[in-house]
Amino acid sequence: MILADQDFFQDVQDVYSDLTDLTMVITDNIGEMITNFTGNKNLLDLVYEYKSINEALCQRVKNFSKITGPVLYDALPGVKVVVCPVTVNNTNTYFIFAGMIIKKTEKDSVISYLKQELNAPAEILAEIPESSAEEIQTKIDKLKKMAAILSKQLASQKAASERSRKEASIDSFLQLIEAGNTDINTFLKTFSNSNQEVDLVGFARKTEGDQLVIEEILQSGNSSLKGSTFSTGEGLLGQVVATNKKRYWEKVYRDPRISYFSQKGIVPKSLAAVPILKGGQQCGLLFWGSSANEQLSKPTNTEGSIAASFLSIMESTLALRLKASNNLMKLTTLNEIFQVMAAVQDEKRILLILLDMSMNLIRGPFVSVILRQPLKNSLEIVSRGLTSEQIDSYSKDVSGRFSINEEDKLSTHVTGWGAAVYEIPLRYQNHSYGYLSIGCNGTDIDEEDLSFLNSLSFAGGISIHLIRSMKEESKQSSAAGVLVELVELIEPGHSLLAAKASKLIESFCESTSIPVSNRADLKDSCYLIAYPINLLKKNIGKPSVLSLIEEYHSIEENKPSIPTASIQAQLLHLVWTYIKQGEKIENLMQITAVNRSLLNEFISYLNHTNIVVKEIQLADPVSRQPEISHDLNLSKRESEVMKLVVKGLNNRDIASHLYISEHTVKNHMTNIFQKMNVTDRSQAIAKIYQSGWDFIKGL
């Protein structure tokens, strides 16, 4: 039972005693008072002595232990008391007693009874309250609210207690795991010592086959299950192993499946069991129970589940340490192999390394490496341990089963002469280069050895990928380099412009917020656009470069009114337009095949990087007029608006500055855009800066 916060209970009782004008006290679930009486207690003292009050409350709690709401009963003839339960999780934990209540219609008879039977003094009789039926119901409703407040506080207190208990359990189990050398018995003691209702806790470990043995057990009494065995599916514990799901049983002594315990003189009333996992596989069972309680509490079962989780961690950790120790030499060997393979530039040597390592590890009858040769549309087989006839037979078998585009995965196979073989793919990312084939001596390869072979095959796949990629890259780089050099010889002018375009693209990409991928392709394309696309397709095998150049030519030829090409192609078109048209920003305004955001950011970039030098003849300040008005035929007011736009003011700010309406500002902006032949502010500002009109100097 949750121990009540007595100060809180007393405070709540005092408030509601005053609200209902009733005498109150609160008891626990056996009738012991946990608060002091509140209210007028004179009549109660007349009827009971303190000892007899305690006895009466204990008896009433027994009588009303199962009630689900307030009950009104007669403490004396006509003198009524309300008893109201305080529940937590549908269990009556405490009881509120509130009285004395006398109905108006019964007051005279009650006073007469008290005079005759108890010889009650007149001053006590004068204090006796009277209540109508409606008033009595109101008092009962208030007592319900009082009970709800106390129940909520107890539930919150219980939740906090359970959290604290969980944290303590987790901390204890963590300390055991951190110790590193904890045995099962110490782990069980830690769990048992923190749970008073548990008097049986044990661990069963899986052995060969479907058998489990009780490895450790803590229990009360002399009987012991330690060393006894049971099968998967046998009894309650065996069913948990079979289903691999935790179970909790109440009143388990009535279940015939408990015979496994009862035969040993152990009769638990409640029981729970949780599977223990090691590396994702079931390795045992943690179970606990009570010989005194028919039902284990939720906190105890929760802590048991936590203990099982930590026990799984401990078992997995111990297994990993053992595995790490056993595999240390293999890992060291793999590391050395990786280093050797990384330095090798010849596929044949890679295949020989795979053969040697596999033969030394497995010591099977044969090892083969099957390597795909896409250019020849064939399979190359290198083998050790096979006769010529067996190689021919296996080659035909393999070529019939493996296709160049087949999705590869580890598989087992039986050869034409009856030998079992593991075929492990040599992969990198989504590309398969072949197989490592390991012959077996009639038994499966150990899981750890198979893991080693998978790692070895993966290393082989990476090495072959790197060798072939470097060959292909070298081939492509060589072809592209020759074409670039030819551009310098055939069209030196284009080569100079291409160098400028490449540099401009690189600089812009470093400063822009717009994501531009494949920058290397962009720079190469600056040179290669001078060649016909058919020539490039024959000599350049890089699809991304070819696609980019095709998009660029499409823009140049079709001049689309809306941007449809990739960002890379748009940028290439934008840069070449700028360079070929004299590097004048105003010439960019007519481009329609480029996204507006890319165009604006490119213009902004040029404005920040270009240095404009202009000599201006000084004039009389009084007679000097801004030339922007004359050049663009802007009115005086439109010139004032444009100056504020260049300063960065929005329409509202401009309206406030010039003491005009925001609608008027919008009209001025429309006229300005038409006269300047632009569509937005950024273009207008760019045109102003590029042209270097005098009025900017006054900003």
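Residues numbered from 1 in each chain as written. Predicted model: local features only at pLDDT ≥ 70, side-chain atom pairs only at ≥ 80, totals over all residues. Heavy atoms only, no water.

A. The sheet that holds strand β1 (residues 23-28), seen in detail. With respect to topology, 4 strands assemble into an open sheet ordered β1-β4-β3-β2, the strand pairing being antiparallel. Looking at which strands have only one partner, the edges of the open sheet turn out to be β1 and β2 (71-76). Averaged over all adjacent pairs, the angle separating strand axes in this sheet is 30 degrees, with direction ignored. As paired elements, strand β3 (residues 79-88) and strand β4 (residues 91-101) share 8 bridges and run antiparallel to each other. Residue pairing across strands places K80 opposite I101, the latter belonging to β4. The sheet strands contacting helix α1 (residues 6-20) are β1 and β4, and the helix crosses β1 at an angle near 145 degrees. (Pairing = 2+ DSSP bridges. Helix = DSSP H or I, 4+ residues; strand = E, 2+ residues; numbered from the N terminus. Axes fitted to C-alpha atoms, helices over the stretch in contact; angles between N-to-C directions. Contact = heavy atoms within 4.5 Å.)

B. The nonpolar core, seen in detail. Membership of the largest hydrophobic core comes to 44 residues, with the highest contact counts inside it found for L571, L572, L588 and F602. Going through the elements one at a time, α14 (492-511), α15 (519-528), α17 (543-558), α18 (567-580) and α19 (596-609) are the ones with two or more residues in this core. Per element, the largest residue contribution to this core is 8 residues, and it comes from α18. If we skip the residues at most four places from it in the chain, L588 touches L574, T577, Y578, L599, F602, I603 and L606. (Core = buried A, V, L, I, M, F, W, Y, C linked by side-chain atoms within 4.5 Å. Buried < 20%, exposed > 50% of the residue type's maximum accessible area, 1.4 Å probe, protein only.)

C. Just the side chain of T20, in detail. Tracing the backbone shows T20 in helix α1. One polar contact links the side chain of T20 to the main-chain carbonyl oxygen of Y16, over a distance of 2.7 Å. In this structure, T20 is in contact with K139 and K142, ignoring residues within four places of it in sequence. (Polar contact = N/O pair within 3.5 Å; in protein donor to acceptor, adjacent residues only side chain to side chain.)

D. Molecular detail of the environment of V25. Checked against the element boundaries, V25 lands in strand β1. Owing to a relative accessible area of 1%, V25 belongs among the buried residues under this scheme. Here the alpha-carbon distance between V25 and F95, two residues 70 residues apart in the chain, equals 8.5 Å. In this structure, V25 is in contact with Q13, M33, T35, F37, L57, F95, I96 and F97, ignoring residues within four places of it in sequence.

E. Representation of the packing of α14 against α18. The contact between α14 and α18 brings their axes to 10 Å, and the two run at 125 degrees. Classified by the angle between their axes, α14 and α18 sit oblique to one another. Between α14 and α18 the crossing geometry is right-handed. Residues H494, L497, A498, K500, A501, L504, I505, F508 and C509 of α14 form the contact with α18, whose own contacting residues are L571, L572, V575, W576, Y578 and I579. Residue composition of the contact of α14 with α18, by class: 13 nonpolar, 1 polar and 1 charged. (Parallel < 35°, antiparallel > 145°, perpendicular 65-115°, else oblique. Left-handed = near helix turned anticlockwise from the far one by under 90°. Nonpolar A, V, L, I, M, F, W, Y, C, P; charged D, E, K, R; others polar.)

F. Inspection of the pattern of salt bridges at higher detail. Under the counting rule described, the total for this entry stands at 13 salt bridges. Between E215 and R205 there is a salt bridge, with the nearest N and O atoms lying 2.5 Å from each other. Here E215 is found in strand β6 (residues 211-219), whereas its partner R205 is found in strand β5 (residues 200-206), with 10 residues between them in sequence. For K523, the salt bridge goes to E506, with nearest N and O atoms at 3.4 Å. Taken together, the residues K523 in helix α15 and E506 in helix α14 connect sequence positions 17 residues apart. When its relative accessible area of 28% is taken as the criterion, K523 is described as partly exposed. (Salt bridge = Lys/Arg side-chain N within 4 Å of Asp/Glu carboxyl O.)

G. Representation of the sheet that holds strand β14 (residues 420-428) in the model. Pairing within the open sheet is antiparallel, and its 5 strands lie in the order β12-β11-β15-β14-β13. Two strands close off the open sheet at either side, each with one partner strand: β12 (378-384) and β13 (411-414). Across the sheet, the mean angle from the axis of one strand to that of its neighbour is 25 degrees, orientation sign disregarded. Of the pairings in the sheet, the one linking strand β11 (residues 367-373) to β12 comprises 7 bridges and is antiparallel in character. Considered in β12, the bridge of L371 is made with E380. Relative to the sheet, helix α11 (residues 347-362) contacts β11, β12, β14 and β15 (431-439), its axis offset from that of β11 by approximately 155 degrees. In the packing of helix α12 (residues 388-401) onto the sheet, the strands contacted are β11, β12, β13, β14 and β15, and the crossing angle to β12 comes to about 145 degrees.

H. Spotlight on α12. Between its terminal C-alpha atoms α12 stretches 20 Å, which fits the 20 Å expected from 14 residues at 1.5 Å a residue. Here α12 has its buried residues at Y394, D397 and V398. Looking straight down α12, one finds that the buried residues subtend no more than 95 degrees of arc, so they occupy a single side. Away from its buried face, by an angle of more than 90 degrees, α12 presents the exposed residues S388, E389, K396 and G400. Each element contacted by the buried residues of α12 is listed here: β11, β12, β13, β14 and β15. (Expected span 1.5 Å × (residues − 1). Arc of directions from axis to C-beta.)

I. Looking closely at the packing of aromatic side chains. Tallied over the full model, the rule gives 12 aromatic pairs. Measuring from ring centre to ring centre gives 5.7 Å for Y260 and F261, while their planes differ by 85 degrees; the resulting arrangement is edge-to-face. The exposure classification of Y260 matches that of F261, with both residues buried. Relative to F602, the ring of Y578 lies with its centre 6.0 Å away and its plane at 85 degrees, an arrangement referred to as edge-to-face. Placement of the pair is Y578 in helix α18 and F602 in helix α19, with a sequence separation of 24 residues. Taking relative accessible area as the criterion, F602 reaches 0% and is therefore assigned buried. Members of the aromatic cluster, joined through ring pairs, are F230, Y260, F261 and F287. Sitting above the plane of the F37 ring, K41 keeps its charged end 5.2 Å from the centroid. (Phe/Tyr/Trp six-rings, centres within 6.5 Å; stacked < 30°, edge-to-face > 60°. Lys NZ or Arg CZ within 6 Å of the ring centre and 35° of its normal.)

J. Geometry of the pairing of β14. In this structure, β13 lies alongside β14, joined through 4 bridges in antiparallel fashion. For V414, the partnering residue across the bridge sits in β14 and is A420. Linkage of β13 to β14, two consecutive antiparallel strands, is achieved through a turn of 5 residues, within which G418 is found at a positive phi near 90 degrees. Where β14 and β15 come together, 8 bridges link them in antiparallel fashion. When the sheet's bridge partners are listed, Y428 is paired in β15 with H431. Hairpin connection, β14 to β15: the antiparallel pair is bridged by 2 residues, and Q429 has positive phi, about 55 degrees.

K. Structural detail: α1. Over its 15 residues, α1 runs 21 Å from end to end, which matches the ideal 21 Å to within 8%, given 1.5 Å per residue. Buried within α1 are the following residues: F9, Q10, V12, Q13, Y16, S17 and T20. One side of α1 holds all its buried residues, which, seen down the axis, span an arc of 165 degrees. For α1, the exposed residues lying more than 90 degrees away from the buried face are D7 and D18.

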